[in-house]
Amino acid sequence: MSKAQHELPILVTGAAGRIGSVGRSVTELLLARGFRVRAQVRVDDERATRLRALGAEVVVGDLLDLMAVHRAIEGCERLCFAMSVAPTYLEAAVNVAVVAKHHGVKAFVNLSQMTVNEMDIFNTTPSPQQKQHWLAEQILSWSGLPVVEVRPTAFMEGLLLQTAKTVSMQDKIMAPFGRGKNSAIAAADVARVIAAILSEPAEHIGQTYHLTGPVSQDMDAVAREFSAALGRTISFVNVPLDVMKGQLAALGMPPHVVEHVATMAGLHQDNRYDRFSNDVERLTGIGPMSVREFVQKNARAFAPVAPSSAAE
């Protein structure tokens, strides 16, 4: 009898994400391993249709709706709580926690952030999102739930893909990251870790894992990895943080997200993302993707584009 035939479904929230979605990748990995997966999505659109085609049981509902959370969790003994940046993150996390407690969930994998490691009752960060992650971890700790905390550092998708336009048009990575170092990680590697934990959760209950890429390096080194991956010279240009904040706001990015991105940039300038852990390889047997590999994988996003073409 296969896993899919005799085991209860594993719930994955935020399974319909777009670029670099951890939830979607976890769903795909668990399905490939033969597990039944219940994928929670907020909107029933083409992404939900694709999940159904892969074999997932899709449940549609908002995590701010307690009854929707019951429908998602009931009948599941394992779950991954993952959610994109949003001002309602903490409420959703608490809803999932209290309903998981009610239904006797036996493994609760929480996708958090490595920045939480530096927070305490006296110190958080200017990012409301990061503070909510810290508060959510406190609540999960108090809850008595069988929690596994997964804390990735900055994602390559957020750190690198947002520079795609200037790399394509000017061969430059333009960002307010200063001289600080980072060990950014690909969402696919985070998903591999979570899938491994959910496959056999017993030994991981109560543990906290910190996930990074294979090396910590400054942005000049990152630019050299871009150059090697793309076969042309890419340079890093530091820009003022206020300029980036203004650009994000002008693009219509919500204030909550702008503040979060700006806080991450400020922390990068202060060298707070100079981190390294071997947890990815230790938990999965395979090391994390390098910046060069990530850029090669996403080479189309960084392909040269003439300024006039980009404006059309």
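Anything mentioned here points back to the structure above.
Since the structure is predicted, the reported quantities are computational estimates derived from the model, not experimental observations.

J.: How should the pattern of salt bridges be read in this particular structure?
T.: Side-chain pairing between opposite charges can occur once the charged atoms of the two side chains come close. The tally for this structure, following the rule as stated, stands at 13 salt bridges. The salt bridge partner of Glu 118 is Arg 272, with a shortest N-O separation of 2.4 Å. Separated by 154 residues along the polypeptide, Glu 118 in the loop between strand 5 (107-111) and helix 6 (128-143) and Arg 272 in the loop between helix 12 (255-269) and helix 13 (279-284) bring together distant segments of the chain. A salt bridge links Asp 189 to Arg 192, with the nearest nitrogen and oxygen atoms 3.0 Å apart. Of the two residues, Asp 189 and Arg 192 are both situated in helix 9 (residues 187-199); the distance of 3 residues between them amounts to about one turn of the helix. Connected via shared salt-bridge partners are Glu 118, Arg 272 and Arg 275.

J.: Please explain the sheet that holds strand 5 as it appears in this structure.
T.: Adjacent strands of a sheet form backbone hydrogen bonds with each other and so pair up, either parallel or antiparallel. On the basis of which strands lie adjacent, the open sheet formed by 7 strands has the order 3-2-1-4-5-6-9 and parallel pairing. Looking along the sheet, the strands with just one partner apiece sit at the ends: strand 3 (57-60) and strand 9 (208-211). Sheet twist, expressed as the mean angle between neighbouring strand axes with direction ignored, is 20°. Two elements, strand 5 and strand 6 (residues 147-152), share 4 bridges in a ladder whose sense is parallel. Of the residues in strand 6, the one forming a bridge with Leu 111 is Val 150. The strands touched by helix 2 (residues 22-32) are strand 1 (10-12), strand 2 (37-41) and strand 5; relative to strand 1, the strand with the most contacts, the crossing angle is about 155°. Sitting on the sheet, helix 3 (residues 46-54) is in contact with strand 2 and strand 3, with an inclination near 155° to strand 3.

J.: Would you explain unusual backbone geometry in this entry?
T.: Note: most peptide bonds trans; most residues except glycine with negative phi. If you check the backbone angles, Asp 171 has positive phi at about 60° while not being a glycine. Inspection of the secondary structure puts Asp 171 in the loop between helix 8 (164-170) and strand 7 (172-175). Even without a glycine there, the phi angle at Asn 271 is positive, about 65°. By the secondary structure assignment, Asn 271 is in the loop between helix 12 and helix 13.

Rules of the game
Residues numbered from 1 in each chain as written. Predicted model: local features only at pLDDT ≥ 70, side-chain atom pairs only at ≥ 80, totals over all residues. Heavy atoms only, no water. Salt bridge = Lys/Arg side-chain N within 4 Å of Asp/Glu carboxyl O. Helix = DSSP H or I, 4+ residues; strand = E, 2+ residues; numbered from the N terminus. Pairing = 2+ DSSP bridges. Axes fitted to C-alpha atoms, helices over the stretch in contact; angles between N-to-C directions. Contact = heavy atoms within 4.5 Å.

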